[in-house]
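Now for the letters of each chain:
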Amino acid sequence: MTDPATAPASGPTVGVVVMAYGTPSHPDQIEPYYTHIRRGRPPSPEQLADLTRRYDALGGSSTLAARTADQVAAVAEELERLAPGRFVVRLGQKHAAPFIEDAVADLAALGVPHVVGLVLAPHYSGASVGEYQARAAEAAAAAGIGHTPVLRWHDEPAYREFLASAVADALGELPRKTKVVFTAHSLPERVLEGDPYPDELWASAEAVAQAAGLDRWAGWSMAWQSAGATPEPWRGPDILEVIRDLAATGRARAILVCPQGFVADHLEVAYDLDIEAARVAAEVGLTFARTRTLNDDPTVMAALARRVLAAADQPR
C-alpha cells in the first residue's frame, strides 16, 4: 500500500505559508515599510532618518529579503524531496509584500484545500507567532480552506544543535573568561503577561548552554535587545546594559552574544549587535563576538520541513 504522505498527486494537495517579518528591499521602500509597522501612521522625520541611518550602515537595505527567500526555497525543496508533488510553498510577510493574506489567496487560487502555516521564528508569543498564524487562519477561512499552524519549534533538536555548535565554534576564538549571553527581541511587558515567550527562550538557552558545557551564571545568561521606541516598559535587561554591567564586574574579558531569537542576518543582528553592541563593548574594554545565525542551514530547514509534513498529516 502506498503511503499517502509520499504518494504523487495530480496536483498539490497542501499549501504552505512560510511567514516572515518582512523588510524593505530598497531604500525607497523604507518609509512605507515603517508606516506599515506603525499601523498606517507615517513616522516622524526624525524616526525615518534614524531607521534610514541604520540601513545606510548596512549598505542601504537589509539582507533579510534574500535570506528569507533562501529559507523558503530550502523548506520547499525538502518538502518536494519528502513528498513529491504534494506541497506548494509561498512566502507571506507581516510588513512587506507579499503579505500573509496574499500568500494564502494565491494558494487558494491554486485549488489546495488546506494550508499549513510556518513562522520563521522558533519561540511562540501571542504578539508575534500568534499574530502571524491568526492572520493566516483568517485569510484561509475567508478563502474557504483549512489552516493548521506550526506554533513553535524552539524545541527542535536540529535548531538547538546548530546553536550549540555555533557557540562552541565562536568560543574557540575567544579568551577563557568569556561570558555567553543569549538574546531575543524584547516585547512590551503588557503583552508578556501570561505569555510563554520568556519561558521558551529560557528553555532553549538552557539546553544550548548545557550542550555547549557552559557554567550557569559564570558562563552564560540571557538578555533582550531591539526594544521599540515607545514610552511603555519593555522586557529587559537590554544587551547594552548587560555589556556595561559585565565590564564593571571585571570578571570577563569578552562577551559572546548568541541571538537565539533570530533566524537570519538582518537589522537586529547586523546593526543592533554587530555595530551598536560591538561599539559599547569596545568602549568598556570587552572583546565582542557573536555566533553565526541560522539563515538557510540545510539541517534545520529540513527539520522544519518535517514539522510541516507532520502538521499536514494531523487529523482535521
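Residues numbered from 1 in each chain as written. Predicted model: local features only at pLDDT ≥ 70, side-chain atom pairs only at ≥ 80, totals over all residues. Heavy atoms only, no water.

Draft legend 1. Layout of the overall build of the chain. The secondary structure content of the chain amounts to 12 helices and eight strands. For a compact globule of 316 residues, the expected C-alpha radius of gyration is about 20 Å, and the chain comes in at 20 Å, within 12% of that figure. Principal-axis analysis of the C-alpha atoms places the extent of the chain at approximately 65 × 50 × 35 Å. Long-range contacts, defined here as pairs at least 24 residues apart, represent 78% of the contacts in the chain between residues at least 6 apart. Carbon and sulfur atoms provide 53% of the accessible area of the chain, an area that totals close to 14300 Å². Across the chain, the mean location of the 28 positive side-chain charges is 4 Å away from that of the 40 negative side-chain charges. (Helix = DSSP H or I, 4+ residues; strand = E, 2+ residues; numbered from the N terminus. Rg over C-alpha atoms; globule rule 2.2 N^0.38 Å. Contact = heavy atoms within 4.5 Å. Areas by Shrake-Rupley, 256 points an atom, 1.4 Å probe, with all protein chains shown as cover. Lys, Arg positive; Asp, Glu negative; His and termini not counted. Charge placed at Lys NZ, Arg CZ, Asp CG, Glu CD.)

Draft legend 2. Geometry of helix H9 (residues 239-249). Turning to H9, its buried residues are Ile239, Leu240, Val242, Ile243 and Leu246. For H9, the angular spread of the buried residues around the axis is 160°, confining them to a single face. In this fold, the buried residues of H9 make contact with strand S5 (178-185), strand S6 (220-225), strand S7 (254-258) and helix H11 (272-283). Two to three positions downstream of the cap, the backbone nitrogen of Leu240 sits 2.9 Å from a side-chain oxygen, assigning the N-cap of H9 to Asp238. Just beyond H9, the residue with positive phi is Gly250, at close to 70°. (Buried < 20%, exposed > 50% of the residue type's maximum accessible area, 1.4 Å probe, protein only. Arc of directions from axis to C-beta. Polar contact = N/O pair within 3.5 Å; in protein donor to acceptor, adjacent residues only side chain to side chain.)

Interpretation note: all reported values are geometric properties and have no functional meaning in isolation.
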